[in-house]
Amino acid sequence: MYIKQATVNNQVGLHARPATFFIQKANEFKSTIWVEKEEQRVNAKSLLGVLSLGIIKGSTIDLIADGTDEKDAVDALVELISSDFAD
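Residues numbered from 1 in each chain as written. Predicted model: local features only at pLDDT ≥ 70, side-chain atom pairs only at ≥ 80, totals over all residues. Heavy atoms only, no water.

S.K.: Even after reading the chapter, I still don't get helix α3 (residues 70-82), so can you show me in this structure?
M.R.: The periodicity of an α-helix, 3.6 residues per turn, causes residues three or four positions apart to be oriented the same way. Its 13 residues place the ends of α3 18 Å apart at the C-alpha level, agreeing with the 18 Å of an ideal helix rising 1.5 Å per residue. Along α3, the positions that sit buried rather than exposed are Glu70, Ala73, Val74, Asp75, Ala76, Leu77, Val78, Leu80 and Ile81. Considering only its buried residues, α3 is in contact with β1 (2-7), α1 (16-26), β2 (32-37) and β4 (60-66). Asp84 sits one or two positions beyond α3 and adopts a positive phi of about 60 degrees. (Helix = DSSP H or I, 4+ residues; strand = E, 2+ residues; numbered from the N terminus. Expected span 1.5 Å × (residues − 1). Buried < 20%, exposed > 50% of the residue type's maximum accessible area, 1.4 Å probe, protein only. Contact = heavy atoms within 4.5 Å.)

Okay, structure coming up:
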C-alpha cells in the first residue's frame, strides 16, 4: 500500500472536467486506488464517488493505492493535481 497527500489548488476543485481527467488517469493503472477526504474514502476510478467528496479549491486529500503499480499510480495522480489538471 502506498499513500500520499495532495492539495487541490485549481479554481473549481475536483469537479466536472478536472474530475473526469482524474478518473481517466486513475483508470490507466491496475492497482486499486482510493481518494480519502476527512475520513471518507471512495474509489478513485468512480466519477460519482470522487464527486461525492465535494473536493473544493484548497482541499487536502489522501491518495491511496494497493497493487503492482501503486507507487506509479499515486505519483501520477499527485502530479496531475499539482499541475492544476493541465494536459
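From this point, the discussion proceeds with the structure in view.
S.K.: What exactly am I supposed to notice about the environment of Lys4 here?
M.R.: Looking at the secondary structure, you find Lys4 in strand β1. Among residues more than four places away in sequence, those in contact with Lys4 are Ile61, Asp62, Leu63, Val74, Asp75 and Val78. Among the polar contacts listed, one links the side chain of Lys4 to the side chain of Asp75, at a separation of 3.1 Å. (Polar contact = N/O pair within 3.5 Å; in protein donor to acceptor, adjacent residues only side chain to side chain.)

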